[in-house]
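Each chain, letter by letter, is given below.
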Amino acid sequence: MHRLGERVRGFDDRRPFWWDLHLTGLLVLAALVDASGGWKSIAFDPDVSGRLVVAMSLAFSVPLMWRRTRPLTVLGVLLAAALVNAWTGAHLQAAYLQLVVVFNIALRLPLRTLMWACAAVLVPVAVGATRYPVGSWDQQFVPHLYGIALVALLGLVVRSRRDWTASLVERARRLEVERDQQARLATAAERARIAREMHDIIGHNLSVITGLADGGAYAAAAHPARAAQALEAIGTTSRQALAELRRVLDVMRDDAPPIAELAPQPALTDLGPLVEGVRAAGLPVSLTVDGDPGTQLAGRQLAVYRVVQEALTNTLKHGGPAATATVAVSYADDGTVTAEITDTGSPQSSPAGTGPGRGLTGMRERTALYDGTLEAGPRRTPPGGWRVRLRLPKDSAP
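Residues numbered from 1 in each chain as written. Predicted model: local features only at pLDDT ≥ 70, side-chain atom pairs only at ≥ 80, totals over all residues. Heavy atoms only, no water.

**Concerning the overall build of the chain**
To keep things clear, this is the line we draw: By the criteria applied, helices consist of DSSP H or I runs no shorter than four residues and strands consist of E runs no shorter than two, each listed in order from the N terminus. Three labels apply to residues, based on accessible area from a 1.4 Å probe with only protein chains included: buried if under 20% of the type maximum, exposed if over 50%, partly exposed otherwise in between. The criterion used for residue contact is that any of the two residues' heavy atoms lie within 4.5 Å.
From N to C terminus, the chain includes 11 helices and five strands. A burial count over the chain gives 37% of its 398 residues as buried. A sequence separation of at least 24 residues applies to 69% of the contacts in the chain between residues at least 6 apart.

**Let's talk about the confidence of the model for the chain**
Condition: Scored from 0 to 100, pLDDT records how confident the predictor is in each individual residue.
When pLDDT is averaged along the chain, the result is 79, and 81% of the positions lie at 70 or above. When mean pLDDT is taken per element in the chain, strand S3 (residues 337-343) scores highest with 91 and helix H8 (residues 224-251) scores lowest with 68. Scored below 50 in pLDDT, residues 258-262 shows four contacts in the model against residues more than four places distant or in partner chains. For the stretch residues 348-356, pLDDT sits under 50, and the model shows nine contacts to residues farther than four places along the chain or on other chains.

**Concerning the packing of aromatic side chains**
The criterion, for reference: Aromatic contacts are taken between Phe, Tyr and Trp rings whose centres are within 6.5 Å, Trp giving its six-membered ring; a plane angle under 30 degrees counts as stacked, one over 60 as edge-to-face, and the others as tilted. Counting as a charge over the ring demands two things of the Lys NZ or Arg CZ atom: a distance within 6 Å of the ring centre and an angle within 35 degrees of the ring normal.
All chains considered together, the criterion is met by two aromatic pairs. Relative to Trp 18, the ring of Phe 17 lies with its centre 5.6 Å away and its plane at 80 degrees, an arrangement referred to as edge-to-face. The class for Trp 18 is partly exposed, based on a relative accessible area of 43%. For the cation-ring pair, Arg 131 lies above Trp 87, with the distance from its terminal atom to the ring centre recorded as 4.0 Å.

**Re the nonpolar core**
Defined as follows: As used here, the term nonpolar core means buried Ala, Val, Leu, Ile, Met, Phe, Trp, Tyr and Cys residues forming a set that is joined through side-chain atoms within 4.5 Å.
Counting residues in each nonpolar core, the largest one holds 35 residues, and the members touching the most others are Trp 39, Phe 60, Leu 64, Leu 75, Val 101, Val 102 and Leu 114. Elements with a minimum of two residues in this core: helix H2 (16-35), helix H3 (50-61), helix H4 (71-88), helix H5 (98-108), helix H6 (111-131) and helix H7 (137-219). Counting 28 residues, the second largest nonpolar core, distinct from the first, contains Ala 311, Leu 312, Ala 323 and Tyr 331.

**A short note on the sheet that holds strand S5 (residues 386-392)**
Short version of the rule: Here, a strand pair is defined by DSSP locating no fewer than two bridges between the strands. Note on geometry: axes are lines fitted to C-alpha atoms, helical ones only across the stretch in contact, with angles between N-to-C directions running from 0 to 180 degrees.
Across the sheet, which stays open at both edges, the five strands sit in the order S1-S2-S3-S5-S4 with mixed pairing between neighbours. With partners counted over all chains shown, the strands left at the sheet margins are strand S1 (285-290) and strand S4 (373-378), one partner each. Averaged over all neighbouring strand pairs, the angle between strand axes comes to 5 degrees, with direction disregarded. Direction of pairing for S3 relative to S5: antiparallel, over a ladder of seven bridges. Residue pairing for S5: Ala 339 is matched across the bridge by Leu 390. Sheet strands in contact with helix H9 (residues 271-280) are S1 and strand S2 (325-331), and its direction is about 165 degrees off that of S1. Docked against the sheet, helix H10 (residues 298-318) engages S1, S2, S3, S4 and S5, running at close to 5 degrees with respect to S3.

**A short note on H3**
To keep things clear, this is the line we draw: To estimate the expected span of a helix, subtract one from its residue number and multiply by 1.5 Å. Polar contacts, as counted here, are pairs of nitrogen or oxygen atoms within 3.5 Å of one another; within protein the pair requires one atom able to donate a hydrogen and one able to accept it, and residues that are adjacent in sequence qualify only if both atoms are side-chain atoms.
Taking 1.5 Å per residue as the helical rise, H3 with its 12 residues ought to reach 16 Å, and the 17 Å between its terminal C-alpha atoms agrees with that figure. Buried positions along H3 lie against H2 and H4. N-cap assignment for H3: the residue whose side-chain oxygen lies 3.4 Å from the backbone N of Arg 51 is Ser 49.

**Considering H6**
The end-to-end C-alpha distance of H6, which contains 21 residues, comes to 31 Å, matching closely the 30 Å that a straight helix rising 1.5 Å per residue would cover. Of the positions making up H6, those classed as buried are Leu 114, Ala 117, Cys 118, Val 121, Leu 122, Pro 124, Val 125, Gly 128 and Ala 129.

**A short note on the packing of helix H1 (residues 2-14) against H2**
Working note: a packed helix pair is described by the angle between its axes plus the distance between those axes. Applicable threshold: The residue classification treats Ala, Val, Leu, Ile, Met, Phe, Trp, Tyr, Cys and Pro as nonpolar and Asp, Glu, Lys and Arg as charged. All others, Gly included, are polar.
Look at H1 against H2: their axes get within 5 Å of each other, and the N-to-C directions meet at 115 degrees. Where H1 approaches H2, its residues Val 8, Phe 11, Asp 12, Asp 13 and Arg 14 are matched on the opposing element by Pro 16, Trp 18 and Trp 19. The class makeup of the residues in the contact of H1 with H2 is five nonpolar, no polar and three charged.

**Some words on a nonpolar patch on the surface**
The condition that has to hold: Any residue with relative accessible area above 30% and no salt bridge may belong to a patch, with like charges joined within 9 Å and the nonpolar Val, Leu, Ile, Met, Phe, Trp and Tyr side chains within 5 Å. For every accessible area listed, the method is Shrake-Rupley and the probe measures 1.4 Å; residues are considered covered only by the protein chains on display. We count a salt bridge whenever a side-chain nitrogen from Lys or Arg sits within 4 Å of a carboxyl oxygen from Asp or Glu.
A contiguous nonpolar surface patch, about 390 Å² in accessible area, is contributed by Leu 32, Val 54, Leu 58, Val 62 and Trp 66. Secondary-structure assignment places Val 62 in the loop between H3 and H4. When its relative accessible area of 34% is taken as the criterion, Val 62 is described as partly exposed.

**Section: the side chain of Thr 24**
Checked against the element boundaries, Thr 24 lands in helix H2. Looking at Thr 24, the relative accessible area reads 6%, which means it is buried. Within the structure, the side chain of Thr 24 is placed 2.7 Å from the backbone oxygen of Asp 20, a separation counted as a polar contact. One polar contact links the side chain of Thr 24 to the main-chain amide nitrogen of Met 65, over a distance of 3.4 Å. Once residues within four sequence positions are removed from consideration, Thr 24 is found in contact with Ser 61, Val 62, Leu 64, Met 65 and Arg 67.

What follows is the structure in structure tokens.
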């Protein structure tokens, strides 16, 4: 029965016109069969004109073709036929087809309209019970009342189930949309992360390589040994940059092999080699560390490292030939990390004069990931230059 019901509902959804046509034709046929003579066995007045009986039978059945699109109009036509049926005493069984319209009203229209429709359907019943008091009045009226209430309740149950099913379908659709949106947001976040990593890797290492190459070219004639050292440093820096790029790009590959053999992401312990590389590129840098890093998360360590790296890269690019830099990192007992990078570069060559770049944006994005604060701007006190201050509060992760 369940499968049969599903097939009937599927046919109704796909071809509602043909379903209505077939159902209405069946009801018309049933009404006309009763009008052929069977109605006289229960009629209050068997002398009613046969033509009138046929007309009432057609009035009870044919309008059901539009019961879904215009239920109130159809109910009005059937009520007129029901009044004539009750007044003449024909007592046609086709009058029960009003319940089909009541069911459709319960299925589609507001509850107030359904209540008025049920009351209107009882009017012809009351007229017939009053004009032809066969048996007690309750015996004629109350069964019709129960039948109308049962059909109305059935329509409301079907409507509630249909609305519940529609809400489930809509919820599933919204969940699919949200899932797709979350996937797109995750993809955008991953692209932004990879863009930050590649910017920091390429920007810093190319700046170091440029500084080494300029220094090597300057010292090539007078100090060949220093030029050789510069070339060796360029090779080391290039290999390091390629290794870091390979690690970042391998993450984007679905078929990437295990990368355990690659070096881990830079951490706070790598600040010393970072500063040494910048010094080799020609920028005098001093590093001071206060406190113990303890058990800082790898992501927080990488954020601090990249901010220091980007600040020193900007100094290499914009600080000028006489610039110097200072890096001060402190670790508080509660887990707070503070890093301050200052330089003595000329204000004209500082990042402020180059417009907003990707570097400062990347630093702010990394800081925001850990609810930190980042201050970047020119120094207001002599000897001038640029100042970047990072503060990451205590990690709140469990």
